Amino acid sequence: MSLQGKHTKEWFERANAVLVNGVSSQFRYWGDDDTIVIDHGEGGYLVDMDGKRYLDYQLGFGPIILGHGDPAVSEAVAEAAREGASFAMTQRREVDAAEKVLTALAWPERIRFTNTGTEATMHAIRLARGVTGRDIVLKFEGQYHGVHDYVMYSTASAAYGSLGSRMRPIPVQSSSGIPDEIRTFIRTLPYNDLDAVHALFRGEGHRIAAVIVEPTLGNTFGLLPVAGFLEGLREVTGEYGAALIFDEVKTGFRIAVGGAAEHFGVTPDIGTYAKAMGNGFPVAAIATTGRFVEGWRQGGIAQAGTYSGNGVAAAAAGATVDRLKTGEPLAQVEKVGRDLMEGLEKILADRGVAGKVVGHPSMFSIYLGEGEPTDFRDTAKHDEDLYERLTMRMIEKGVMPCPDAKEPWFVCAAHTDDDVATTLQVFEESLGETVDDQ
Ligand SMILES: Cc1ncc(COP(=O)(O)O)c(C=O)c1O
């Protein structure tokens, strides 16, 4: 059965005639029969071209934190659009938004705006290399930092069997088109394995420019750091003079207003922010402090962007952060997320299905397997096929998490207690049908 109704199918055919596979980002392609075309969003819901409503837990892969079409953000953006977006000069809205972002994050001395998470991590890595004079970057398996060549290794699409041993992991290229030589600049290790990090630093710590880490494993089930992991990264990078980069593109302005740095109480040298900072509008920031601010200030480490700090993006960030600072939106996100996590886990237990709901209430995943994973390799035991069949049934019934369990369920402030009840009912029914079908 196709997820496309009559009009959605016609729109997909139009899309397919002009966009490669009918999409502008490959992750959105679910096959010719199941790629849905959306008309508009409303709070916690999406509406497709047939008027079918979906309770949305993809939320654009994380940016929607207040709800689709939030009135305050929409109004601020519309006003900015009427007054012109890009001036090749610093503008009032950009300064205003930067002040709000800096106050919310608390730890950085300065930020620079950019447009996407990919640009932010690319600039963060260049800044770290430019200041330290070193080339090597350590990243963790299952983490995603955008699509630029320097970080497309051992992401969540890597085949488990291709990663080599835990002691000597093989950085697995996640795309064709990346020169082989780039691999010499990257090291990959299992997330949460501080012993492995120490061993790497003992061997070549003085060649390492940066450790880049999603503080929670936001691209693999939203797994949380084990006690001491982030603190250990802070310590070892400090000892060896490498930069600690927190890639907070998913966690920033979501797991707390000040992101993972606030939530876990560990401060990086450089932080990258995007998604929830702008409630769906393309705005990102690179935040930094100390010698890294100085590195940019002195010049010679290129950072630029025609649209960076544009008025529309800045207005979106300013209005979103204003709302988040009241505390109400994230309190609602956390409550709804917690109720969902508990409810989903109870249904799994009642049904006798091995599994665990893992992550933070604002971005969690359902792991269907024995035990509790702490890194990407552990998730090889997850029953991918069962999860996909289960979530496709849920989507047919109008509740839409991503069918790939590695991508967390995202919660927004527009989700309600009624939405929780609907979701749990649909999950229970769909799980029953899927298990009975086996
Ligand atoms: C942690 C993280 N970093 C960076 C990115 C890249 O952001 P963008 O898609 O805006 O380029 C993503 C995207 O999902 C992400 O999850």
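Reading guide: rules and limits
Residues numbered from 1 in each chain as written. Predicted model: local features only at pLDDT ≥ 70, side-chain atom pairs only at ≥ 80, totals over all residues. Heavy atoms only, no water. Axes fitted to C-alpha atoms, helices over the stretch in contact; angles between N-to-C directions. Helix = DSSP H or I, 4+ residues; strand = E, 2+ residues; numbered from the N terminus. Parallel < 35°, antiparallel > 145°, perpendicular 65-115°, else oblique. Left-handed = near helix turned anticlockwise from the far one by under 90°. Contact = heavy atoms within 4.5 Å. Nonpolar A, V, L, I, M, F, W, Y, C, P; charged D, E, K, R; others polar. Near = heavy atom within 4 Å. Polar contact = N/O pair within 3.5 Å; in protein donor to acceptor, adjacent residues only side chain to side chain. Areas by Shrake-Rupley, 256 points an atom, 1.4 Å probe, with all protein chains shown as cover. Pairing = 2+ DSSP bridges. Domains from an automatic or database assignment. Buried area = accessible area lost by both parts, 1.4 Å probe. Salt bridge = Lys/Arg side-chain N within 4 Å of Asp/Glu carboxyl O. Core = buried A, V, L, I, M, F, W, Y, C linked by side-chain atoms within 4.5 Å. Buried < 20%, exposed > 50% of the residue type's maximum accessible area, 1.4 Å probe, protein only. 1 Å grid on protein atoms, 1.4 Å probe; cavity = no way out; pocket = protein on both sides within 12 Å on 5 of 7 lines; lining within 4 Å. Points joined across faces, edges and corners; volume = space filled by probe spheres on them.

Participant: Looking at this structure, how should I read the packing of helix α11 (residues 384–396) against helix α12 (residues 417–437)?
Facilitator: The description of two packed helices rests on the angle between their axes and on the distance between the axes. With their axes 9 Å apart at the nearest point, α11 and α12 run at an angle of 130° to one another. Classified by the angle their axes make, α11 and α12 are oblique. Relative to α12, the crossing made by α11 is right-handed. Across the interface between the two elements, Leu386, Arg389, Leu390, Arg393 and Met394 of α11 pack against Val426, Phe427, Ser430, Leu431, Glu433, Thr434 and Asp437 of α12. Considering only residue class, the contact of α11 with α12 consists of 6 nonpolar, 2 polar and 4 charged.

Participant: Whenever I open this one, the site of the ligand confuses me. Can you help?
Facilitator: In the vicinity of the ligand, the residues found are Thr116, Gly117, Thr118, Tyr144, His145, Gly146, Glu214, Asn219, Asp247, Val249, Lys250 and Lys275. Between an oxygen atom of the ligand and a side-chain N or O atom of asparagine 219, the distance comes to 3.1 Å. In the complex, the protein chains occlude 82% of the 390 Å² of accessible area that the ligand would expose alone. Partitioning the shell around the ligand into residue classes produces 2 nonpolar, 6 polar and 4 charged.

Participant: Would you explain the sheet that holds strand β12 (residues 363–367) in this entry?
Facilitator: Whenever strands of a sheet pair, they do so through backbone hydrogen bonds, lying parallel or antiparallel. Spatial strand order, β11-β12-β14: 3 strands in an open sheet with antiparallel pairing. Only two strands of the sheet have a single partner each, and these edge strands are β11 (356–360) and β14 (409–410). In this sheet, β14 lies alongside β12 in antiparallel orientation, the contact comprising 2 bridges. By the bridge assignment for β14, phenylalanine 364 is matched with tryptophan 409.

Participant: Honestly, the domain arrangement of the protein in this entry has me stumped. Any pointers?
Facilitator: How big an interface is tends to be expressed through the accessible area that disappears when the partners come together. Along its sequence, the protein is organised into domain 1 (6–69 + 330–358 + 368–415) and domain 2 (71–325). The straight-line distance from the C-alpha centre of domain 1 to that of domain 2 is 24 Å. If you look at the interface, domain 1 gives 27 residues, while domain 2 gives 38 residues. Between domain 1 and domain 2 lies a buried interface of about 2800 Å² when both sides are counted; carbon and sulfur atoms form 60% of it. Among the residues domain 1 hides against domain 2, the three largest losses belong to Leu66, Phe376 and Arg377. Together they make up 29% of the total. Our count for the contact surface shared by domain 1 and domain 2 stands at 4 salt bridges. Our count for the contact surface shared by domain 1 and domain 2 stands at 17 residue pairs in polar contact (both at pLDDT 80 or more).

Participant: What is the right way to look at the sheet that holds strand β10 (residues 284–288) in this model?
Facilitator: Read across the open sheet, the 7 strands follow the order β4-β10-β9-β8-β7-β5-β6; overall the sheet is mixed. In the strand order of this sheet, the two ends are held by β4 (110–114) and β6 (186–189), each with one partner. The mean inter-strand angle of the sheet, taken between neighbouring strand axes irrespective of direction, is 20°. Bridge count for strand β8 (residues 243–247) against strand β9 (residues 270–273) is 3 bridges, and the pairing is parallel. Bridge pairing in β9 links phenylalanine 246 to glycine 271. Packed on one face of the sheet, helix α3 (residues 92–105) meets β4, β9 and β10 and runs near 125° to β4. Along the sheet, helix α6 (residues 229–240) makes contact with β5 (136–140), β7 (208–213) and β8, crossing β8 at roughly 145°.

Participant: Looking at this model, I keep getting lost on the nonpolar core. Mind explaining?
Facilitator: For soluble globular proteins, the rule of thumb is that nonpolar side chains tend to be buried together. Counting residues in hydrophobic clusters, the biggest one holds 88 residues, and the most contacted among them are Phe140, Leu233, Phe253 and Met277. Residue contributions to this core peak at 9 residues, all from helix α9 (residues 311–325). Counting the residues that make up this core, at least three belong to each of domain 1 (6–69 + 330–358 + 368–415) and domain 2 (71–325). By size, the runner-up hydrophobic cluster in this structure holds 24 residues, among which are Ala120, Val137, Tyr153 and Ile286.

Participant: Would you explain the packing of helix α10 (residues 328–351) against α12 in this entry?
Facilitator: For the pair α10 and α12, interaxial distance at closest approach is 10 Å and the crossing angle is 25°. In terms of axis orientation, α10 runs roughly parallel to α12. Our pair here, α10 against α12, has a crossing hand that is right-handed. On α12, the residues that touch Lys335, Val336, Asp339, Leu340, Gly343, Leu344, Ile347, Leu348 and Arg351 of α10 are Asp417, Val420, Thr423, Leu424, Phe427, Glu428, Leu431, Gly432, Val435 and Asp436. Classifying every residue of the contact of α10 with α12 by side-chain character gives 10 nonpolar, 3 polar and 6 charged.

Participant: In this structure, what is going on with empty space enclosed by the protein? I would like to understand it.
Facilitator: To find leftover empty space, one rolls a probe the size of a water molecule over the atoms. Counted according to the given criterion, the structure contains 1 cavity of 30 Å³ or more. In this model, the largest cavity occupies a volume close to 30 Å³. Forming the boundary of the largest cavity are Tyr160, Phe221, Thr379, His382, Glu384, Asp404, Ala405 and Lys406. Broken down by class, the residue content of the lining of the largest cavity amounts to 3 nonpolar, 2 polar and 3 charged.

Participant: I'm lost on the pairing of β10 in this one. Help?
Facilitator: Working note: regular strand, side chains alternate between the two faces of the sheet. Extensive coverage of β10 is indicated by the burial of 5 of its 5 residues. As paired strands, β9 and β10 are joined by 4 bridges and run antiparallel to one another. The residue of β10 that forms the bridge with threonine 272 is isoleucine 286.

Participant: Please explain the environment of valine 213 as it appears in this structure.
Facilitator: Considering the arrangement of structural elements, one finds valine 213 in strand β7. The class of valine 213 is buried, set by a relative accessible area of 0%. Valine 213 sits 74 residues away from lysine 139 along the chain, and the two C-alpha atoms are 6.2 Å apart. Apart from residues lying up to four places away in sequence, valine 213 is in contact with Phe140, Gln143, His145, Tyr191, Phe229, Leu233, Leu244, Ile245, Phe246 and Asp247.

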